[in-house]
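As a plain string of letters, each chain reads:
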Amino acid sequence: MAVTVADLRAILSLDTAKFTSGLEQGATRLKKFGSDIEEVGRSLSVRLTAPLVAAGAAAGAAANKLDEAMDHIRARTGKVGQDLDRLGDDFREVFRQVPQSADQVSAAIAQLSTRLNLTGQPLRDLTVEMLNLSRVSETDLNETVRLSTQLFQGFGIASRNQSDALNFLRNITLKTG
């Protein structure tokens, strides 16, 4: 079977046309795919990236508040090193248990630690009780701590028993008005 130049030219022309048509279709599909991916990217930016950025900003603000609270505790107590670390642990534990702000919790921790030389669980328990009393009675936290510690010291109630005594007084107050 003899193939002529005209036949080859016709075959190559037809094959090139199919090849070119296939490339054009592929390019069109790739452009559509690229547009679809671009739309997915925009959607992710709006629905995912923006909330993540906002969450990151909120986390940064919360970290700043906690750092400020530790600065407050250090300034009010004069504690540094391991002593400050222990008060930081006390602060974080109390902060998890009460609805008050980091500022209020750090103020109570600092005052009670300084006035009564407490750390650890006794400080945590008494701080929670003071914060609860101040919140429920709608009184100034600083005054609540000052007056309560003076009262307990005046009656000779040991620091380790003050949380129970305060809880008892709070319950009596709630029952009697």
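Since this is a predicted model, take the numbers as computed values, not measurements.

Parameters and conventions
- Residues numbered from 1 in each chain as written.
- Predicted model: local features only at pLDDT ≥ 70, side-chain atom pairs only at ≥ 80, totals over all residues.
- Heavy atoms only, no water.
- Helix = DSSP H or I, 4+ residues; strand = E, 2+ residues; numbered from the N terminus.
- Buried < 20%, exposed > 50% of the residue type's maximum accessible area, 1.4 Å probe, protein only.
- Polar contact = N/O pair within 3.5 Å; in protein donor to acceptor, adjacent residues only side chain to side chain.
- Contact = heavy atoms within 4.5 Å.
- Phe/Tyr/Trp six-rings, centres within 6.5 Å; stacked < 30°, edge-to-face > 60°.

Caption draft 1: Just the side chain of Ser-134, in detail. Looking at the element boundaries, Ser-134 is found in helix 4 (residues 120-137). The exposure class assigned to Ser-134 is buried, which follows from its relative accessible area of 8%. Among the polar contacts listed, one links the side chain of Ser-134 to the backbone nitrogen of Leu-141, at a separation of 3.4 Å. Not counting chain neighbours up to four residues away, the residues in contact with Ser-134 comprise Thr-139, Asp-140, Leu-141 and Thr-144.

Caption draft 2: Region of the structure containing the side chain of Arg-124. Note that Arg-124 resides in helix 4. Setting aside its immediate chain neighbours within four residues, Arg-124 contacts Asp-89, Asp-90, Glu-93 and Val-94.

Caption draft 3: View of the packing of aromatic side chains. Here the structure, examined in full by the defined rule, presents 1 aromatic pair. Taking the centre distance of 5.5 Å and the plane angle of 15 degrees together, the rings of Phe-91 and Phe-95 count as stacked. Within this pair, Phe-91 and its partner Phe-95 are both found in helix 2 (residues 81-97), separated by 4 residues, close to a single helical turn. For Phe-91, a relative accessible area of 1% translates into the label buried. For Phe-95, a relative accessible area of 30% corresponds to the partly exposed category.

Caption draft 4: Structural detail: unusual backbone geometry. For Asn-117, which is not glycine, the phi torsion reads 55 degrees and is therefore positive. Within the secondary structure layout, Asn-117 lies in the loop between helix 3 (102-116) and helix 4. Within the chain, Glu-138 stands out as a residue other than glycine whose phi angle is a positive 55 degrees. Within the secondary structure layout, Glu-138 lies in the loop between helix 4 and helix 5 (141-154). Looking at Glu-138, the relative accessible area reads 72%, which means it is exposed.

Caption draft 5: Region of the structure containing the environment of Thr-127. As for its placement among the helices and strands, Thr-127 is situated in helix 4. Looking at Thr-127, the relative accessible area reads 0%, which means it is buried. In this structure, the C-alpha to C-alpha distance between Thr-127 and Phe-95, residues 32 residues apart in sequence, is 9.8 Å. Discounting chain neighbours no more than four positions away, the residues touching Thr-127 are Val-94, Ala-108, Ile-109 and Leu-112.

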